[in-house]
Each structure stands twice: as C-alpha cells, then as structure tokens.
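Here is what each chain is made of, one letter per residue.
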Amino acid sequence: MGVIFFAAAICGKAARAKSYADVSPKTVISLKKMSERYGIISTAMIGKQITMRTKFNVLTLEGDSRRATFNGVAFWLNGPVAMHWGSWHILQADVDRTIMPLLFPNDVLASEDYRVVTLDPGHGGDDQGARSRGGLVEKKITLDLARKVRSILLQYHIDTRLTRNSDQKLELEDRTRLAGKWNSSLFVSIHLNAAAGASPAGIETHILPPAGYPSTANNSLGVYDQVSYLANRHDRANMVLGHIMQKSLLKHTGGEDRGLRRSRFVVLKNSSCPACLVECGFMSNRAEASALATPAHIDKIARGIAEGIISYINTVKRASMSKP
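Conventions and cut-offs
- Starting afresh in each chain, residues are numbered from 1 along the sequence in its written order.
- For a predicted model such as this one, the threshold for reporting local features is a pLDDT of at least 70, and the threshold for listing and counting side-chain atom pairs is 80 or more; totals across whole chains, interfaces and linings nevertheless cover every residue.
- Hydrogens and water are ignored here; the side-chain numbers use all heavy atoms of the structure.
- Secondary structure elements follow DSSP: runs of H or I of four or more residues count as helices, runs of E of two or more count as strands, with numbering from the N terminus.
- Just to be clear, the radius of gyration here is over C-alpha atoms, and the globule rule we use is 2.2 Å times residues to the power 0.38.
- Type-normalised accessible area, obtained with a 1.4 Å probe on protein chains alone, sets the label of each residue: buried when under 20%, exposed when over 50%, and partly exposed for intermediate values.
- By definition in these notes, contact holds between two residues if any of their heavy atoms fall within 4.5 Å.
- Where accessible areas are quoted, they stem from the Shrake-Rupley method and a 1.4 Å probe; at the residue level, only the protein chains shown are allowed to cover.
- When DSSP locates at least two bridges between a pair of strands, those strands are taken to pair.
- As a rule, the C-alpha atoms of each element are fitted with a line to give its axis, helices using only the stretch in contact, and angles between N-to-C directions run from 0 to 180 degrees.
- A crossing counts as left-handed when the near helix is turned anticlockwise from the far one by less than a right angle, and as right-handed when that turn is clockwise.
- Charged means Asp, Glu, Lys or Arg here, nonpolar means Ala, Val, Leu, Ile, Met, Phe, Trp, Tyr, Cys or Pro, and polar covers whatever is left, Gly included.
- Definitions used throughout: a 1 Å grid over protein atoms alone; a cavity as a set of points that fits a 1.4 Å probe which cannot get out; a pocket as an open set with protein on both sides within 12 Å along at least five of seven lines; a lining residue as one with an atom within 4 Å of a point.
- Grid points are joined across faces, edges and corners, and a volume is the space filled by probe spheres set on the points.
- Pairing of aromatic side chains requires ring centres within 6.5 Å, counting the rings of Phe and Tyr and the six-membered ring of Trp. Pairs whose planes differ by under 30 degrees are stacked, by over 60 edge-to-face, and all others tilted.
- Placement of a positive charge over a ring is assigned whenever Lys NZ or Arg CZ falls within 6 Å of the ring centre and within 35 degrees of the normal to the ring plane.
- Within this scheme, the nonpolar core is defined by two criteria: the residues are buried Ala, Val, Leu, Ile, Met, Phe, Trp, Tyr or Cys, and they are joined through side-chain atoms within 4.5 Å.
- In protein, a polar contact requires one atom able to donate a hydrogen and another able to accept it; more generally it is a pair of N or O atoms within 3.5 Å, and residues adjacent in sequence count only if both atoms are side-chain atoms.

A. Spotlight on the overall build of the protein chain. Along its length, the protein chain carries nine helices and 15 strands. For the protein chain, the C-alpha radius of gyration of 20 Å lies close to 20 Å, the compact-globule estimate for 324 residues. The principal-axis extent of the C-alpha atoms belonging to the protein chain is close to 55 × 45 × 40 Å. In the protein chain, which comprises 324 residues, the proportion classed as buried is 55%. Restricting the contact set of the protein chain to residue pairs at least 6 apart, pairs at least 24 apart contribute 72%. Of the roughly 14600 Å² of accessible surface on the protein chain, 52% is carried by carbon and sulfur atoms.

As structure tokens, this is what we get:
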C-alpha cells in the first residue's frame, strides 16, 4: 500500500491537555485527533504501521498491536491500537500516561525529586536467581553491577544507596521499604533474564502498568490488575525513567531491544518513588552468558545503567527549573 500523509498544526504548550485526569480504560481517541491536539506535524501510514512525527521525535505505532517505538526504542502500550469507525484509535490512557510523558517530560517531572538513588541488586543469599550453563550466578553479577554503578554515580556526587552490599537474602518488601526510609528519588532494580530455550536474547526494562490495564505478558485482566498500587502515583515519571534507561542500556551494550515492558513485580508495585527494573541479558543464551562472564561487558552494562540514571536526573532538574 502507498503512503498516506495528513498534516496537523503544531501545537504549543498552551494547547496541550492542562491536566492528566484519569479516564475510563475503554476511552479511545482517533490518531487524527491525537495529532491535532498534541503537536504531531505529520503522520504516515504504510499498511498497519503508523509513523507520527513532531519537530524532534518519531513515534511509530502498529495497528492491532500494543508494540510501539519512540525514537527507535521499543515499548508496550496498555492496549492495542485498534480500528474504530473506519480509523485507527488509541486508548486515551495511553496518550496521557505513555505518549505525553515521552513527548513532554517537563510536564510530568517538575514535581519529582533527584537527590537520592537506590540501586537494588536482585536476589542474594540462598536466592541465587538465574544460572548459566557455565556456572554464572545472577545474584553475584547483579551485586557487581550495582557496586560499579554506584561507583560511577558517586563520581558525579549523586547520593547512591544499595539495598544489599553483600551476599545476603533480602525480602522483596524490605527492598522498597529501605528505599522509602532513605527518601529515595528513584529506584532501579538490577536483574538478569532467563528463558526455557536458548534463543531469547536482549535487554528489557520494566515499569508498573497503570491500574486497570494488563501487564505486557498478559492480554486479560486479573483481580489484582485493577488495584492502584503505591507506585501508580508515578506512572508518568516511570514511563520517562523506563524509556531513558532502556535507551541507555541499548546504546552501551548493543543488545537486542526487547522493549520497555509493563509488569507488576513487587519492587515496582511498592516503590514510593519512580522505579524501573532492568533485565540486562539472558543467562540462558550462550552468547550473552559468555559476554556476562567478561569484565568488559559488565562495565558496559554498568555504564548504561549509570548514564540512564544521570540522564533521568538531568531531565528532572530541567523540569524543575522550568516550573513557573
């Protein structure tokens, strides 16, 4: 099919929605109306692929799918782009909580803080996490990564805490409780992935789904998916943090982009500040496990996490400076 373009006026900040009010999970808006309201300059459609451009950003959506990309980095919507009344529509909640935070981070980060970072090395003690065929253990690598990230952040005079700094078991609830005790500004949980087969590979970043919407791994809603958790107060900031982190990890590792995903992990649900969980490669993949055994690759991952945090902090600082 050929390419179809339609233009929309460039909207200034005053033309944006003045608030991010909660909407019904079923409320939808046409992509054409979205483009007119939110500063989309042009939209191109080739088959089911929809590419929307602003002056500085490119958003790609796919009809009948939840997968999308923003400036080349994959992420998952809360619901699929769907055909209604002869045109493609998107959930208004995805506009408000997913796309607008990426297009206009200053609008959602102005009230966030940046002074204390908590790093959470996954697993520990008798909870070893994933293991590779060559004997690598997740709990050791995550602690090594957290220590390296903290060392980098301290060079920038960023107050950085670790939920564990030794091979100890820490309950999931205690990890976020410590972050709350320290009045943390952001929380990053560090993990490595594993799959039943050897082929899956790449980088994932996870954030909490909004209440009333499924996780990326599910298409249907369960009882607990309807609950608004503590961290849902930061849905929009989580989106910005998660996208920045995924982009930085991909840049430094060159890994496959498995996208910014939505999951109701305990450490994400219970966080009192913006939070994400990073999966830095697959222990079950031979090539990635071999790379994870090398100090050079561990350094690349650590640099990716650290620079993601620094970039997020700088974005928060700019947002706070732009407050009227």
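Now that the structure has been shown, the text picks up again.
B. Spotlight on the pairing of strand β9 (residues 87–91). Counting buried residues in β9 gives four out of five residues, a clear majority hidden from the surface. Across three bridges, strand β8 (residues 82–84) lies against β9 in antiparallel orientation. Residue pairing in the sheet places His84 in a bridge with Ser87 of β9. Hairpin geometry of β8 and β9 is characterised by an intervening segment of two residues between the two adjacent antiparallel strands and by a positive phi of about 55° at Trp85.

C. Molecular detail of the environment of Leu170. Examined against the element boundaries, Leu170 turns out to sit in the loop between β11 (159–162) and α5 (172–181). Under the relative-accessibility criterion, Leu170 is labelled buried at 15%. Through-space distance from the C-alpha of Leu170 to that of Ala217 is 26 Å; in sequence the pair is 47 residues apart. Ignoring any residue separated from it by four or fewer positions in sequence, one finds Leu170 in contact with Thr163, Arg175 and Leu178.

D. The packing of helix α6 (residues 235–253) against helix α9 (residues 295–321), seen in detail. Contact pair α6 / α9: the axes reach a minimum separation of 8 Å and the direction vectors enclose 145°. With respect to the hand of their crossing, α6 and α9 are arranged in right-handed fashion. Within the contact between the two elements, α6 uses Ala237, Val240, Leu241, Ile244, Met245, Ser248, Leu249, Lys251, His252 and Thr253 and α9 uses His297, Lys300, Ile301, Arg303, Gly304, Ile305, Glu307, Gly308, Ile309, Ser311, Tyr312 and Thr315. Class assignment for the residues of the contact of α6 with α9 results in ten nonpolar, eight polar and four charged.

E. Expanded view of unusual backbone geometry. For Asn71, which is not glycine, the phi dihedral falls at a positive 50°. The class of Asn71 is partly exposed, set by a relative accessible area of 32%. In the Ramachandran plot, His157 falls in the positive-phi region, its phi being about 60° despite a non-glycine side chain. Here His157 is to be found in the loop between α4 (138–155) and β11.

F. Structural detail: the layout of surface pockets. Here the largest pocket is characterised by a volume of approximately 380 Å³. What lines the largest pocket is a set of 19 residues, and nearest its centre among them are His243, Ile244, Lys247, Ser311 and Thr315. Secondary structure elements with two or more residues in the lining of the largest pocket: α2 (92–103), α6 and α9. Looking at the lining of the largest pocket residue by residue, the class counts come to eight nonpolar, seven polar and four charged.

G. Local environment of the pairing of strand β7 (residues 73–76). Of the two faces of β7, both are covered, the one formed by Val73 and Phe75 as well as the one formed by Ala74 and Trp76. Sheet analysis places strand β6 (residues 67–70) next to β7, joined by four bridges and oriented antiparallel. Opposite Thr69, over in β7, you have Ala74 as the bridge partner. Between β6 and β7, which pair antiparallel in sequence order, lie two residues; one of them, Asn71, sits at a positive phi of approximately 50°.

H. Up close: the packing of aromatic side chains. Per the counting criterion, the structure on display carries zero aromatic pairs. The positively charged end of Arg115 is found above the aromatic ring belonging to Tyr114, 5.0 Å away from the centroid. Sitting over the face of the ring of Trp76, Arg261 holds its NZ or CZ atom 4.6 Å from the ring centroid.

I. The arrangement of the nonpolar core in detail. In terms of nonpolar packing, the biggest core is built from 69 residues, with Met34, Leu61, Ile90, Val188, Ile305 and Ile309 touching the most fellow members. With eleven residues, α9 is the largest single contributor of residues to this core. For Val188, the contacting residues outside a window of four places in its chain are Thr118, Leu119, Asp120, Met245, Cys276, Val278, Ile305 and Ile309. Of all hydrophobic cores here, the second largest spans ten residues; its members include Phe187, Leu208, Tyr229 and Cys273.

J. Up close: the side chain of Glu279. Looking at the element boundaries, Glu279 is found in strand β15 (residues 275–282). A polar side-chain atom of Glu279 sits 3.2 Å from the main-chain amide nitrogen of Asn193. Ignoring anything within four residues of it in the chain, the contact list for Glu279 reads His191, Leu192, Asn193, Gly202, Ile203, Glu204 and His206.

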